[in-house]
Structure formats: structure tokens, C-alpha cells
Amino acid sequence: MNRQQSTALTPWLLAGPALLLFLGVVLVPLIMTGMLSFHDFSTSKGIQPVFLLKNWEEVLTDSYFHEMFARTLRVALWVTLACLVLGAPEAYVLSRMSPQWRGVFLLVILGPLLISVVARTLGWALLFGGQTGLINKALMGAGLIQSPIPFMFTETGVVIALTHVLVPFMVLSVWTALQRVDLATENAAQSLGASAFTTLRRVVLPQALPGMLSGAIIVFALAASAFATPAIIGGRRLKVASTLAYDEFLNTLNWPLGAAVAVLLLLGLTATIVGSNRLVERRWAQVFQ
Amino acid sequence: MSFLVLEGLTKRFGELTAVDDLHLKVEQGEFISLLGPSGCGKTTTLQMIAGFVQATSGRVTLEGRDLLSVKPAQRGLGIVFQSYALFPHMTAAQNVSFGLEMQKVPKVEREQRVAEALALVGLSALADRYPRRMSGGQQQRVALARALVIRPRILLLDEPLSNLDAKLREEMQIELRQIQRTVGTTTLLVTHDQSEAMTLSDRIVVMNGGRVEQVARPHEAYEHPASPFVASFLGKTNVMAGRLTQIADGPRVAVGDGHWPLAQTSPNRWSEGQSLHVTVRPEKISFVSGPVCSLGGEVRSRIFQGNHWLFQVDTACGPMTVIRQNDGSALPLEGDRVRLGWPAQDMQLRAESSAS
Amino acid sequence: MRRNGALALAFHTAFVIFMLAPIAIVCWVAFTPTGFLSIPVDEFSLRWFKAIGRYPEFIDAFWNSVGLALTSSVLALAFSVPAALALARYQFRGREALTALFLSPLMIPHVVLGIAFLRFFTQIGLSGSFTGLVVSHIIVVLPFAMRLVMAATAGMDRSVEHAAISLGASDWTVFRRVTLPLILPGVLSGGVLAFIQSFDEVTMTVFVAAPGTMTLPVRMFLYIQDNIDPLVTSISACVIAITAVFLWAIDRLYGLDRLLSGHGRD
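Once a new chain begins, its residue numbering starts again from 1 and follows that chain's sequence as written. Note on labels: chains are lettered from A, ligands numbered from 1, in written order. Totals for whole chains, interfaces and linings use every residue, but because this is a predicted model, local features are given only for residues with pLDDT of at least 70 and side-chain atom pairs only at 80 or more, for both listing and counting.

**Q** Mind laying out the overall build of chain C, listing which residues take part and the relevant values?
**A** Within chain C, the regular secondary structure consists of 12 helices and 0 strands. Each helix and strand of chain C, placed in order from N terminus to C terminus, yields the pattern α-α-α-α-α-α-α-α-α-α-α-α. Summarising its shape, the C-alpha atoms of chain C cover approximately 70 × 60 × 30 Å along the three principal directions. Each residue is classed by its C-beta neighbour count within 10 Å, where at least 20 other C-beta atoms makes it buried, 12 or fewer makes it exposed, and intermediate counts make it partly exposed; the C-beta atoms are placed from backbone geometry. Counting all 266 residues of chain C, 49% fall into the buried class. Restricting the contact set of chain C to residue pairs at least 6 apart, pairs at least 24 apart contribute 77%. Numbering of helices and strands starts at the N terminus; helices are DSSP runs of H or I of at least 4 residues and strands are runs of E of at least 2. In this description, any two residues whose backbone-derived C-beta atoms lie within 7 Å of each other are considered to be in contact.

**Q** Would you mind going over the overall build of chain B in detail, with residue names and values included?
**A** Along the backbone of chain B there are 8 helices and 20 strands. Each of the three principal axes of chain B carries a C-alpha extent, and together these read 80 × 45 × 35 Å. Counting all 356 residues of chain B, 38% fall into the buried class. Within chain B, contacts between residues at least 6 apart in sequence are counted, and of these 66% link residues at least 24 apart.

**Q** Give me the lowdown on the interface of chain C and chain A, citing residues and values where you can.
**A** Contacts between the two partners involve 73 residues from chain C, matched on the other side by 73 residues from chain A. No other element matches the 14 residues that helix α1 (residues 6-29) of chain C contributes to the side of chain C that touches chain A. Classifying every residue of the side of chain C that touches chain A gives 53 nonpolar, 13 polar and 7 charged. Three categories are distinguished: nonpolar for Ala, Val, Leu, Ile, Met, Phe, Trp, Tyr, Cys and Pro, charged for Asp, Glu, Lys and Arg, and polar for the others, with Gly belonging to the last.

**Q** A description of unusual backbone geometry should follow, citing residues and the corresponding values.
**A** All names here are of chain A. Here the phi dihedral of Phe153 falls at roughly 60°; this positive angle occurs in a residue that is not glycine. Summarising the element assignment, Phe153 is placed in the loop between α6 (134-141) and α7 (155-179). By the C-beta count within 10 Å, which is 15 here, Phe153 ends up partly exposed. For Leu253, which is not a glycine, the phi torsion comes out positive at approximately 65°. Along the chain, Leu253 falls in the loop between α11 (241-252) and α12 (255-283).

**Q** How would you explain the sheet that holds strand β5 (residues 65-66) of chain B if you had to name every residue and give the values?
**A** Residues and elements named next belong to chain B. The strand order across the open sheet formed by 4 strands is β2-β1-β4-β5, and the pairing between neighbours is antiparallel. Two strands in the sheet have a free side with no partner beyond their single neighbour: β2 (16-26) and β5. Two strands form a pair only when DSSP identifies at least two bridges running between them. For strand β1 (residues 4-13) and strand β4 (residues 57-62), the ladder comprises 5 bridges, and the chain directions are antiparallel. Within β4, the residue paired with Leu4 across the bridge is Leu62.

**Q** Describe the packing of helix α3 (residues 56-89) of chain C against helix α8 (residues 171-200) of chain C, with residues and values.
**A** Residue and element names in this part refer to chain C. The contact between α3 and α8 brings their axes to 8 Å, and the two run at 140°. In terms of orientation, α3 lies oblique with respect to α8. Remark: the crossing between α3 and α8 carries right-handed chirality. Contacts between α3 and α8 pair Ser65, Leu68, Ala69, Leu70, Ser72, Ser73, Val74, Ala76, Leu77, Ser80 and Val81 from the former with Val187, Gly190, Gly191, Ala194, Phe195, Ser198 and Phe199 from the latter. By residue class, the composition of the contact of α3 with α8 is 11 nonpolar, 7 polar and no charged. Geometry is summarised by axes, namely lines fitted to C-alpha atoms with helices restricted to the contacting stretch, and by angles between N-to-C directions that run from 0 to 180 degrees. Each angle is binned into one of four classes, with values under 35 degrees roughly parallel, values over 145 roughly antiparallel, values of 65 to 115 roughly perpendicular, and all other values oblique. By convention the crossing between two helices is left-handed if the near helix lies anticlockwise of the far one by an angle smaller than a right angle, and right-handed if it lies clockwise.

**Q** Give a description of the nonpolar core that names residues and reports values.
**A** Note that soluble globular proteins tend to have their nonpolar side chains buried in a common cluster. Among the nonpolar cores identified, the biggest contains 165 residues, and A:Val219, A:Ala223 and C:Ala145 are the most heavily contacted of them. Each residue touching A:Ala223, except ones within four places of it in the same chain, is listed here: A:Val75, A:Ala76, A:Val79, A:Thr80, A:Leu162 and A:Leu166. Of all hydrophobic cores here, the second largest spans 77 residues; its members include B:Leu22, B:Val26, B:Val142 and B:Ala145. A set of buried Ala, Val, Leu, Ile, Met, Phe, Trp, Tyr and Cys residues, joined through C-beta atoms within 7 Å, is what we mean by a nonpolar core.

**Q** So what's going on with the sheet that holds strand β15 (residues 286-288) of chain B? Which residues, and what values?
**A** All names here are of chain B. A sheet is described by the order of its strands in space; here 5 strands give the open sequence β15-β19-β16-β17-β18, paired in antiparallel fashion. On the outer flanks of this sheet lie β15 and β18 (318-325), each paired with one strand and no other. With direction set aside, neighbouring strand axes in the sheet form an average angle of 50°.

**Q** Outline the pairing of strand β13 (residues 258-261) of chain B, supporting the account with residue identities and numerical values.
**A** Residue and element names in this part refer to chain B. Alternating positions in β13 separate cleanly, Gly258 and Trp260 being buried on one face and His259 and Pro261 remaining unburied on the opposite face. Where strand β12 (residues 250-255) lies against β13, 4 bridges are found, and the strand directions are antiparallel. When the bridges of β13 are listed, Val255 appears paired with Gly258. The turn joining β12 and β13, which pair antiparallel and follow one another in sequence, is formed by 2 residues; a positive phi near 60° is taken by Gly256.

**Q** So, helix α3 (residues 107-120) of chain B: which residues are in play, and what are the values?
**A** Residues and elements named next belong to chain B. Helix span, expected: 1.5 Å multiplied by one less than the number of residues in the helix. Taking 1.5 Å of rise per residue, 14 residues should cover 20 Å, and α3 covers 20 Å from first to last C-alpha, within 8% of that figure. The complete set of buried residues in α3 reads Val114, Ala117 and Leu118. An end-on view of α3 places all buried positions within 95° of arc, on one side of the element. Exposed side of α3, more than 90 degrees from the buried face: Val108, Glu109, Gln112 and Ala119 are the residues found there. Residues of α3 that are buried make contact with α2 (92-102) and α4 (136-148). Phi turns positive one or two residues past the end of α3, at Gly122, with a value near 75°. Along the arc lie the directions from the helix axis toward the C-beta atoms.

Laid out in C-alpha cells, this is it:
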């Protein structure tokens with residue numbers, strides 16, 4: 001119940017500081033970045049505060065950029081798929097464990113989310129190396145392959161490492177959805193004669209689906225905007241949207257172009273996320289409420 | 001003038017009128033119950049007196065001074081909430097002492113009054129215990145002590161016993177009444193339990209749909225309900241269709257195959273043939289032998305309920321409920337044909353066309 | 001509790017190995033006795049841990065990260081608590097928009113935030129400063145803190161506050177003596193999560209940090225870009241160890257899944 005005694009001003013006063021902070025430090029910089037993307041840049045004169053569509057033309061029409069964005073999209077889609085295939089079943093397995101084991105494994109699986117992504121990606125760099133990488137050493141030592149499989153500086157390597165970094169989000173999302181599933185519905189299905197597989201397919205899966213979808217949206221967004229992992233595993237030659245923007249900003253110093261890439265990434269992701277959320281909510285409204 | 005006066009108190013939520021033009025006068029030291037089904041406006045009325053809901057219109061005067069314009073923190077009322085609302089991070093003693101700290105009562109006096117309040121509710125031994133380690137009944141007493149220790153002008157109780165099991169509730173009702181008599185605080189109780197209201201109150205305010213149906217002492221409201229709603233809400237009642245007929249030696253009320261003389265208290269403004277609602281309490285009906293002042297029927301079921309028997313009897317006027325004390329006297333069995341009799345003055349009559 | 005079949009357990013084991021392998025190998029290699037990357041099998045040496053002492057830039061970066069995380073998480077809480085109270089308690093127009101605004105940094109790619117802040121700070125003269133860094137981290141971690149504080153506030157029984165008011169407490173007293181103690185677990189966990197997120201943040205910080213305000217993840221990232229050697233594995237192993245201790249403590253006190261999903265207690 002709300003205190004109608006208090007003036008309508010109170011919530012605004014309480015949220016005021018945070019609001020001012022966000023208006024000043026989030027909206028303003030984003031608008032400035034948007035404006036920056038229209039500026040001109042040259043190595044001799046630096047950034048020229050004019051209004052040009054040059055950068056946008058380049059980003060949208062140049063085949064180099066197309067390739068970069070295609071790669072970003074490709075990687076993000078593969079990572080999302082891998083996370084779905086690996087993370088959703090794992091969440092289900094977890095939900096069927098006895099409480100003490102479940103607690104341990106939740107810690108083991110979700111814990112890495114709090115470990116620095118640099119440390120985790122470093123581990124993949126060690127596993128992936130050509131001659132020195134553990135995976136190749138093991139495979140060659142077992143005689144399964146003759147020459148080392150290239151993982152470093154390949155899209156495959158980036159996908160694998162990103163999957164590792166992001167799959168906990170999928171597990172978390174599906175796990176949370178499964179928490180809301182009434183165990184009794186599974187029992188009800190079995191009492192009505194359904195096999196374990198049918199119960200899974202027709203009772204559990206539909207209820208876990210919203211979790212899988214929101215997990216997929218989160219993973220896709222994070223994979224498309226990933227930076228550290230593609231930078232380390234992909235190296236300087238294999239760029240995605242984020243490392244591209246970084247390059248323009250800190251190496252080439254063409255800030256306006258970098259800004260255009262960043263804004264495009266932001267708009268593309270926002271549209272995808274909002275669109276997917278709307279779609280999911282409309283179709284699964286009753287499950288969400 | 002009265003201690004607490006509610007005048008024209010009204011609360012509207014958009015289209016919905018939760019409390020409609022409520023008038024009430026409460027004397028000092030009285031125990032009043034606001035009784036009614038959920039949604040009747042009783043809790044909203046309490047909330048308005050407490051200050052957590054703004055009244056749409058009307059006045060509330062306490063000791064002659066306007067209450068509604070005073071901020072809730074300064075109204076000096078003691079409130080026991082339905083969920084008790086004990087501060088979970090404070091012990092019982094700290095909970096009770098909170099209001100005194102707000103009043104800036106000096107420490108020595110504070111500790112003494114807290115001890116007295118806890119002793120009054122019989123919880124001196126639990127002074128240093130936390131709410132989560134207490135039973136529902138104990139929490140409720142701490143909440144009561146916390147509300148009383150500040151010596152409030154009025155004690156407001158919002159369905160305080162509804163979370164307790166039946167036996168505990170009965171015990172608490174008796175204790176609550178004793179405490180209130182000891183301390184003498186004017187008390188307003190909100191409840192949906194009619195037996196609770198009748199046990200505890202000096203007067204009952206029966207509410208329905210935001211309006212007051214009757215304000216009366218429990219016995220009065222029970223025996224002479226002001227409306228069909230009150231009649232059916234307080235205790236059980238039987239409703240039958242009857243008619244006013246004229247016989248040589250005076251007007252009579254015909255119900256089924258029986259007829260009764262018109263009691264002194266019935267209004268004489270009805271004409272012959274007037275259709276009537278007739279209500280009789282189940283405990284006023286007995287099994288008689290003669291055809292005079294009685295209604296014929298057949299026993300459909302009888303249920304033993306401890307100190308009384310509950311009969312369902314099918315009659316020409318529909319099913320009737322009859323309650324007879326378990327005093328060892330012979331009672332009919334299922335399937336028996338019986339005649340139900342009752343004194344004429346125990347019937348409530350209402351013209352059928354009147355507003356119900 | 002239904003058991004998992006052999007197939008399910010096999011899958012699960014493979015999954016867990018997949019999750020732990022990179023972390024385990026980093027810790028393992030950190031103990032290598034050689035001067036180059038290799039898996040220590042016969043001999044385990046602490047030489048690369050001791051070597052950290054010879055690289056003050058990493059130690060400085062560590063303390064920078066700690067100070068930064070502490071400052072930004074505390075300040076994020078200072079903004080979040082009143083805002084969360086407003087959003088959870090009051091019905092007012094703009095409430096949904098405000099909530100979306102405060103949670104928006106979760107949806108904005110950190111690359112974009114990094115670029116935006118870099119541009120912004122350069123224009124207003126805060127570029128390369130610690131203040132700028134703190135401000136940028138507050139924005140990034142605030143949603144994490146806010147979600148947990150909101151959950152704690154919404155889950156609180158309001159009638160306790162009414163009881164305090166009826167006993168004569170002013171608004172400030174109600175907040176200080178009743179509300180705050182009851183939402184404290186949520187506030188503290190929000191603070192802890194914010195701290196960890198700030199400590200690990202690299203993508204945005206890479207744009208905003210300057211040589212004088214280098215944080216540990218950024219320093220490690222830049223180092224790895226040029227070469228991967230055992231030094232960075234030993235530093236990573238230390239970071240992993242510290243985080244693991246934190247993790248275990250958080251899980252015992254609060255429950256890791258609840259913390260990360262932002263749903264708060266119950």
C-alpha cells in the first residue's frame with residue numbers, strides 16, 4: 001500500500017540523484033558518440049566537427065565492414081546455438097540432482113562468471129596453442145592426429161572460447177525457469193502413462209522454453225559485442241565488431257569511424273533484443289506471467 | 001460529547017465506493033467491533049482512522065479535535081496489525097520499547113513500562129527473544145504489548161486473531177477482553193468472525209458493501225437484526241415465505257401449514273394478504289406435538305456437534321435448520337415426521353416488498 | 001528427487017570438465033619451473049609467483065582495481081538504495097521508464113560504453129583521470145546493485161514500517177531503524193556483486209584507463225596481446241584464487257544463483 005500522505009514528489013526526490021547521474025553520464029555521452037560518428041577525420045587535421053555521412057556510408061557499404069559484421073553475426077549465432085545445446089540440458093541435469101551435489105555444481109558452473117574473463121580466455125590460449133597447446137599435445141600424443149589442429153586465430157577457436165565464457169548465462173537462465181516448474185506436473189504426466197522422454201518433451205521442455213529463449217537473447221547480445229576473448233583468441237587479423245571499433249579508436253585514431261561502428265552495433269543489438277523480447281512475450285505471455 | 005466521532009466518512013477508489021457515509025460515535029473505554037464480510041469496508045475504515053489511507057470525505061474527531069489532518073506518526077494510536085508487523089531484527093522488549101523511544105521517554109521509565117507491558121500480556125520470560133523464535137500467539141501478545149505501552153488514546157486491532165488456530169483464538173479472545181477491561185483503553189476491532197465480535201464487544205457495527213447495517217449491543221443485534229443481512233450474518237437463521245391472513249379473532253401470520261398470532265411488536269400497517277419474509281433462529285425452534293403454532297416437516301438429517309444437535313428438516317417452506325441442546329431429552333430421528341414450533345415473538349417479520 | 005541416468009551424468013561430467021579446464025590449466029601452468037610456457041609434471045615451482053614482486057606495474061594495477069571497485073560499488077549503492085526505494089514503493093508515472101533507464105547499462109555493449117565515455121571525458125577534460133574511471137564503473141555496476149536492492153525492498157513486509165509510523169517514528173527514523181536493517185542483506189550482496197563486476201571489467205576500461213590509472217584486467221589484457229608467458233598465468237592464478245574464496249563466501253551467505261539472477265532472496 002502506498003502512503004498517499006507523501007507528496008507525489010517523494011519518489012522523484014529519491015530517484016533524482018541516480019536520474020541526474022544517468023542523464024549526464026549515460027545519455028549525454030551516447031548522444032555525443034552518435035554525433036561523433038558524423039564527424040570527419042584525417043590524419044593531418046584530426047577530428048573535424050562537421051556533419052558528414054561519410055563514415056556511415058563506409059560502414060554500411062564497404063565490403064570489408066560487411067565481412068566484419070557477417071563474422072560477428074556468424075560467431076554470435078554459433079555461440080548461441082552451442083550454449084543452447086550444452087547449457088539447457090545441463091540446467092535440467094542440475095535440477096534433478098540431490099541438493100548437496102546441486103549446490104556444489106552450481107558453484108562450479110556459475111562461479112566462473114565472477115572470474116575475470118581475461119584469466120579464463122588465457123586458459124583457452126594455453127589449451128589452443130599450435131605445438132604447445134594442451135589439446136593438440138594430448139591428441140598428437142594419443143596418435144589421433146598427425147599435425148596440430150589450428151585453434152588460435154580461427155573462428156572456431158573464438159566460438160569455443162566464447163561458448164565457455166557465456167554458457168553459464170544460459171545455464172542460469174534455464175535453471176531459473178526450471179525453478180518455477182512445479183515438480184508435480186512431471187509426476188502427473190507419469191501417473192497418466194507418459195514415458196520419461198515424453199514427459200521431458202511435452203511437459204518440461206515447454207515450461208523451460210522461456211528460460212532458453214531469454215538465455216539465448218542474453219548470450220547472443222554478449223557474444224556479438226564480445227571484446228576480450230575475440231581479441232586474445234582471434235588475434236589482430238580476425239576482427240569482430242568490438243575489436244574493429246577498438247582498432248579504429250586506439251590504433252588508427254579514426255574516432256568518427258569507430259563511433260559509427262559502435263553505434264551500429266548498439267542499434268543492431270537493441271533492435272534484436274527488443275524485437276526478440278516482444279516476440280517471446282507475445283507467444284509465451286501466459287508462461288511469463 | 002463522545003470520545004471518538006466518525007461523521008460521513010467516505011472512501012472512494014475511482015468507481016468503487018469502499019466506505020459510504022459512515023457515522024459512528026464511540027464512548028471512552030468502549031470496545032467496538034467492525035464486523036462484516038471481506039470487502040465490506042471495515043479494514044478501510046480502520047486504515048483511515050490510522051492514517052494510512054486518505055479519506056475521500058468526512059470527519060474524524062478524537063476528544064473534540066480533528067484527527068484526519070494529523071500525520072499518522074502523531075495520532076497517538078496503538079495499532080495491532082493482522083500480520084503483527086513485529087520488527088524482526090529486534091527482541092520482544094526492543095519492539096515494545098520502540099514507541100517509548102519515539103516519545104523520548106527516559107531510559108529508566110522506559111524499561112519499567114516495557115516490563116509492565118510484557119507482564120500484562122504474560123510474556124515477561126520472552127523479553128529477549130526474537131520474533132522468529134516465537135509462536136503466533138506469543139507474537140500477537142508482543143504486538144499488543146507494543147501498542148498498549150504507549151498509552152494510546154485508542155487501540156486499533158486489524159483482525160489480530162485470524163492467524164491463530166481455533167482453540168488459541170478462543171483463549172486469546174478472553175484474554176484480550178480482560179486486558180482491555182484492565183487497561184480501559186477505547187478499542188476498535190475489525191473482524192469477519194461474528195462470534196468473535198459478539199464475545200469481545202460492547203457494541204457491534206455490522207457493515208456490508210461500505211455501509212453500516214446496524215450498530216447495537218451484541219444481544220440486541222442478534223435478537224433484533226435490523227436487516228436480513230444482519231440476520232443472516234450473525235448466527236444462523238431460517239428464512240421462510242409467509243402471509244398475513246385475517247381470522248375472526250385477529251390478524252395472524254400463516255407460514256406453510258401453520259399460523260401464528262401477530263406479536264405485539266409487529267407493525268400493524270400491513271393489510272390482509274401481505275407477503276412476508278419470516279425469519280426464526282434455529283435455537284428458538286422446538287419439536288412440538290400439536291398443530292397450533294407449528295409447521296410440519298420431515299427430518300432429513302441430524303448431526304451431533306458436541307453440546308448440541310443440528311437438524312435439517314424438510315418442510316413446505318423449504319429446508320429448515322433446528323438446533324437443540326444436548327440435554328439428554330428425546331429427539332427425533334432421521335426420517336421422522338415432526339412439527340416445528342416456536343413462540344410468536346421469536347419470529348422476525350418483514351414485508352416482502354421492502355428493500356433488503 | 002529424481003536421479004539422473006548414466007548418460008545424463010556422463011554429459012554432466014564432460015560439461016564440468018569443459019568449464020573447469022581453462023581455469024585449471026592456468027593455475028597448473030602457473031607452477032611451471034621453466035622460463036617459458038609448459039605444463040609442470042615433475043617439478044612445481046613458485047618462481048613465477050615470486051616474480052610478480054618484480055613487476056610493480058601489476059601490483060599497482062591490482063591496488064588500483066581494488067580501490068576502483070570499492071569506490072564505485074559503494075557509490076553505486078548510495079545512488080541505488082534511494083532509487084530502488086522509489087521504484088519499489090511508489091506508483092508514479094515514469095516508473096517503468098526510470099527502471100529501464102537504470103538497468104539499461106546491462107543492454108549496452110561495453111565497447112559502446114567505453115567509446116562513449118572516452119569521447120565524453122575527453123571533451124570535458126576528465127580523460128585519463130581516476131574520477132572518470134570511477135564514474136564509468138559506477139554506471140556499469142549500478143544495475144547489478146540496483147536489481148538486488150529492489151528485490152530486497154519489494155520482498156519486505158511493509159506493515160512493519162506502518163507499525164513504526166503508528167508508534168511515532170519520522171520517515172527518516174523508519175528508514176534508519178526499520179527499513180535499512182531489513183534490506184541490509186540485499187544491499188550488501190548488491191555491493192559485493194558490484195565490486196566483483198567492477199574488478200573484472202575490461203572491455204570498457206580498456207578505452208577509459210590511462211597509464212596512470214591502469215587496472216589489473218586491462219594490464220593483463222595488454223600484456224597478453226604482445227606475448228603469453230608464465231608471469232601472466234601466475235597473476236591469473238592469484239586472481240582466480242581470490243575470486244574463489246569470495247565465491248564460496250557469497251554462496252554460503254546468500255546463494256550464488258540468486259545473486260547472479262538478480263532475484264534476491266526469496
